Amino acid sequence: MKSSHVTIQNLSVINGNRYGIFIHGPERIESKAGISYTYDNASKWVDVVNVEAVGNRSTAIYINSLVGSVRNCKVYGNGKENGKWDQGGIGCYLCRDVVFEGNEVYDNGPKSGDADFEISTVPLKGSVTILRNFVHDCRQGCIQVGGDDPNQNMGDNSLIAYNIVSGFGTASDLPAGRCGIRFGGPYQNGPKGVGVYNNII
C-alpha cells in the first residue's frame with residue numbers, strides 16, 4: 001500500500017502469528033544477504049488510534065514511519081515466545097516525530113529471558129514524544145528512547161512526560177537494562193537534550 005497518510009483505528013488485533021501491526025516507513029533500510037534496500041512503497045505518516053492488541057507472538061504495534069502517532073491503545077500479553085523476533089509492546093525503529101500518547105501498555109515479553117521495553121523507540125535524525133501513558137508490569141523496562149548511531153542525532157530533544165510507570169524488571173534471568181525510563185544506547189554520546197519530567201514512577 002502506498003499513501004501519504006494512513007490511519008488504523010478502532011480495531012482489535014488478537015493472537016497474531018507474529019506482529020500485531022507492522023508498518024514500514026520510506027526511510028527504513030535493511031540488509032539481508034548483504035543487500036541493502038528501502039521500502040519505497042511505504043506510507044510517510046501513520047496514525048494508530050484506539051487499537052487493542054493482545055496475544056500476538058511478537059511486538060504488538062511496530063512502526064517504522066517518518067511521522068505519526070500511537071494513541072489511546074491498549075497493548076498487553078504480547079511477545080511471550082522467548083527468542084522469537086521482537087518481544088515488547090509498542091516499538092518504533094528508525095522513525096522520527098512520532099507521538100505515543102494515552103496508551104496503556106503492560107505485561108509484554110516472555111516470563112524469563114530478554115524482553116524489549118514496553119514502549120521502545122530508536123528514532124532516526126529526530127525526536128519522539130512519549131506522553132501521558134500508563135506503562136506497568138514491565139517484564140524488562142517500561143519506556144526507552146535509544147540510539148544506534150552517534151552521528152544520526154537519534155532521539156535528540158525527545159520528550160518523556162506525564163507518564164505513570166509502575167513495576168519493572170519482573171522477568172527472571174534478565175540482562176542489563178531493567179528500569180522504568182531509559183534513554184541512551186551503545187554509544188557514549190547517545191540521545192542529547194531529552195526532556196524527562198512530571199512522570200510518576
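Now for a description of the structure that goes with this document. (Residues numbered from 1 in each chain as written. Predicted model: local features only at pLDDT ≥ 70, side-chain atom pairs only at ≥ 80, totals over all residues. Heavy atoms only, no water.)

Let us look at the nonpolar core. Counting 31 residues, the largest nonpolar core has Val 48, Ile 61, Val 70, Val 75, Phe 100, Ile 130 and Ile 143 as its most contacted members. The set of elements that each furnish at least two residues to this core consists of strand E2 (21–23), strand E5 (45–54), strand E6 (61–63), strand E9 (90–95), strand E10 (98–101), strand E13 (128–131), strand E14 (134–138) and strand E15 (143–146). If one sorts the elements of this core by residue count, E5 sits on top with 4 residues. Discounting residues that sit within four places of it in the chain, Ile 61 has contacts with Ile 21, Val 48, Val 70, Cys 73, Val 75, Gly 89, Ile 90 and Gly 91. (Core = buried A, V, L, I, M, F, W, Y, C linked by side-chain atoms within 4.5 Å. Buried < 20%, exposed > 50% of the residue type's maximum accessible area, 1.4 Å probe, protein only. Helix = DSSP H or I, 4+ residues; strand = E, 2+ residues; numbered from the N terminus. Contact = heavy atoms within 4.5 Å.)

Moving on, we get to unusual backbone geometry. With a phi close to 55°, Arg 132 is a non-glycine residue in the positive phi region. Looking at where Arg 132 falls in the secondary structure, it is placed in the loop between E13 and E14.

Two side chains with opposite charge may pair up if their charged atoms get near one another. Taken as a whole and assessed by the stated rule, the structure comprises 4 salt bridges. With its nearest N and O atoms 2.5 Å apart, the salt bridge here joins Glu 101 to Arg 71. Of the two residues, Glu 101 sits in strand E10 while Arg 71 sits in strand E7 (residues 67–71), which places them 30 residues apart along the sequence. Exposure remark for Glu 101: the relative accessible area of 19% places this residue in the buried category. Using a relative accessible area of 30% as the deciding quantity, one classes Arg 71 as partly exposed. (Salt bridge = Lys/Arg side-chain N within 4 Å of Asp/Glu carboxyl O.)

Turning our eyes to something else, we now look at the packing of aromatic side chains. With the rule as written, the count across this model stands at 5 aromatic pairs. Ring centres of Tyr 76 and Tyr 106 lie 5.1 Å apart, and the angle between their planes is 5°; this geometry places the pair in the stacked category. Here Tyr 76, found in strand E8 (residues 74–76), pairs with Tyr 106, found in strand E11 (residues 104–106); they are 30 residues apart in sequence, far enough to count as distant. When sorted by exposure, Tyr 76 lands in the same class as Tyr 106, which is buried. Here the aromatic rings of Tyr 162 and Tyr 197 are separated by 5.8 Å at their centres, their planes lie at 85°, and the arrangement is edge-to-face. Linking Tyr 162 in the loop between strand E16 (159–161) and strand E17 (164–168) with Tyr 197 in strand E19 (residues 195–197), this pair joins segments that are 35 residues apart in sequence. With a relative accessible area of 40%, Tyr 162 lands in the partly exposed category. (Phe/Tyr/Trp six-rings, centres within 6.5 Å; stacked < 30°, edge-to-face > 60°.)

On to the sheet that holds E15. What holds strands together in a sheet is hydrogen bonding between their backbones, with the strands either parallel or antiparallel. Reading across from one edge, E2-E6-E9-E12-E15-E18 is the order of the 6 strands in this open sheet, with parallel pairing throughout. Looking at strand neighbours, the two that pair on one side only are E2 and strand E18 (181–184), the edges of this open sheet. With strand direction ignored, the average angle separating the axes of adjacent strands in the sheet is 5°. Bridge analysis of E6 against E9 gives 3 bridges, and the strand direction is parallel. Pairing of Tyr 62 across the sheet is with Gly 91, part of E9. (Pairing = 2+ DSSP bridges. Axes fitted to C-alpha atoms, helices over the stretch in contact; angles between N-to-C directions.)

For the rest of this paragraph, the subject is a nonpolar patch on the surface. Where nonpolar side chains cluster on the molecular surface, the patch consists of Phe 134, Ile 164 and Ile 200 and spans about 260 Å² of accessible area. Secondary-structure assignment places Phe 134 in strand E14. (Patch = residues over 30% accessible without salt bridge, like charges linked within 9 Å, V, L, I, M, F, W, Y side chains within 5 Å. Areas by Shrake-Rupley, 256 points an atom, 1.4 Å probe, with all protein chains shown as cover.)

In the sheet, E10 pairs with E13 via 4 bridges, with the strands oriented parallel. Across the sheet, residue Phe 100 finds its bridge partner in E13, namely Ile 130. Across 3 bridges, the pairing between E13 and E16 is parallel. Across the sheet, Ile 130 pairs through a bridge with Ile 160, a residue of E16.

What follows concerns the state of the cysteines. Enumeration over the complete set of coordinates arrives at 2 disulfides. A disulfide bridge connects Cys 92 with Cys 95, and the sulfur atoms are separated by 1.5 Å. Disulfide Cys 92-Cys 95: torsion about the S-S bond near 110°, hence right-handed. Like Cys 95, Cys 92 is buried. Each disulfide pairs two cysteine sulfurs, and for Cys 138 the partner residue is Cys 142, the sulfurs being separated by 2.1 Å. Taking the torsion about the sulfur-sulfur bond, which here is approximately 110°, the covalent link between Cys 138 and Cys 142 counts as right-handed. Each member of the pair, Cys 138 as well as Cys 142, is classed as buried. Along the chain, the cysteines engaged in disulfide bonds are linked according to the scheme 1-2, 3-4 when indexed in sequence order. (Disulfide = S-S within 2.5 Å.)

Bear in mind that shape data such as this cannot, by itself, settle questions of function.
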